[in-house]
Amino acid sequence: MSLAPAASVALLLGIAGDLYCTLNHFCMGGHFAHPEMITPFNQIIDVIWVMCLIAAIILGHFARCRGPRRNVLIAIGLLFFRGMGSFHGISLCFELPLAVLGIWFALAPLIEHA
């Protein structure tokens, strides 16, 4: 049984959560920069998408094929840029292209195994 599809699904879920975070509670001031952004729902979503990206890294590492290795790099990049802060919105210039690449790379093994 290949772990590539599971790694791809975890990456897609992580990217979806990262994009939700970007669109709903991330601004030039940073992550949760304003008190009204801090809600239990937003915090739970953040925990879930970070866990999904960590799962994508672990599953991709053990999948032992080229596609999931790219997924590992994408997931690490997304976590790195989100962890570094917004840099007044500049980090989105790196995060959004990474997310698009991640979607592209994650769909390839899913289509291949369908």
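The preceding data block contains the structure.
Since this is a predicted model, take the numbers as computed values, not measurements. (Residues numbered from 1 in each chain as written. Predicted model: local features only at pLDDT ≥ 70, side-chain atom pairs only at ≥ 80, totals over all residues. Heavy atoms only, no water.)

Caption draft 1: Here's a closer look at the pattern of salt bridges. Inspection of every chain in the model, using the stated rule, returns 2 salt bridges. Of the charged contacts in the structure, one is a salt bridge between Asp18 and Arg82, with a shortest N-O distance of 3.4 Å. Taken together, the residues span a long stretch of sequence, with Asp18 in helix α1 (residues 4–25) and Arg82 in helix α3 (residues 66–84) at a distance of 64 residues. You can call Asp18 buried: its relative accessible area is 1%. For Arg82, a relative accessible area of 9% corresponds to the buried category. (Salt bridge = Lys/Arg side-chain N within 4 Å of Asp/Glu carboxyl O. Helix = DSSP H or I, 4+ residues; strand = E, 2+ residues; numbered from the N terminus. Buried < 20%, exposed > 50% of the residue type's maximum accessible area, 1.4 Å probe, protein only.)

Caption draft 2: Seen up close, helix α4 (residues 92–112). With 21 residues, α4 extends 30 Å between its outermost C-alpha atoms, agreeing within 8% with the 30 Å of an ideal straight helix rising 1.5 Å per residue. Taken residue by residue, α4 has Glu95, Leu98, Ala99, Gly102, Phe105, Ala106 and Pro109 as its buried positions. All buried residues of α4 lie within an arc of 140° about the axis, which places them on one face of the element. Residues of α4 that are exposed and angled more than 90 degrees away from the buried face: Cys93, Val100, Trp104, Ile111 and Glu112. (Expected span 1.5 Å × (residues − 1). Arc of directions from axis to C-beta.)

Caption draft 3: Expanded view of the packing of aromatic side chains. The tally for this structure, following the rule as stated, stands at 3 aromatic pairs. Ring centres of Tyr20 and Phe41 lie 6.0 Å apart, and the angle between their planes is 90°; this geometry places the pair in the edge-to-face category. With Tyr20 in helix α1 and Phe41 in helix α2 (residues 40–63), this pair connects stretches of sequence that are 21 residues apart. Relative to Phe94, the ring of Phe81 has its centre 5.2 Å away and its plane inclined at 5°; by these criteria the two rings are stacked. With a gap of 13 residues between them, Phe81 in helix α3 and Phe94 in helix α4 connect regions that are remote in the sequence. By relative accessible area, Phe94 is classed as partly exposed at 44%. Among the aromatic residues, those joined into a cluster by ring pairs are Phe80, Phe81 and Phe94. The ring of Phe105 carries the charged tip of Arg70 above its face, separated from the ring centre by 4.3 Å. (Phe/Tyr/Trp six-rings, centres within 6.5 Å; stacked < 30°, edge-to-face > 60°. Lys NZ or Arg CZ within 6 Å of the ring centre and 35° of its normal.)

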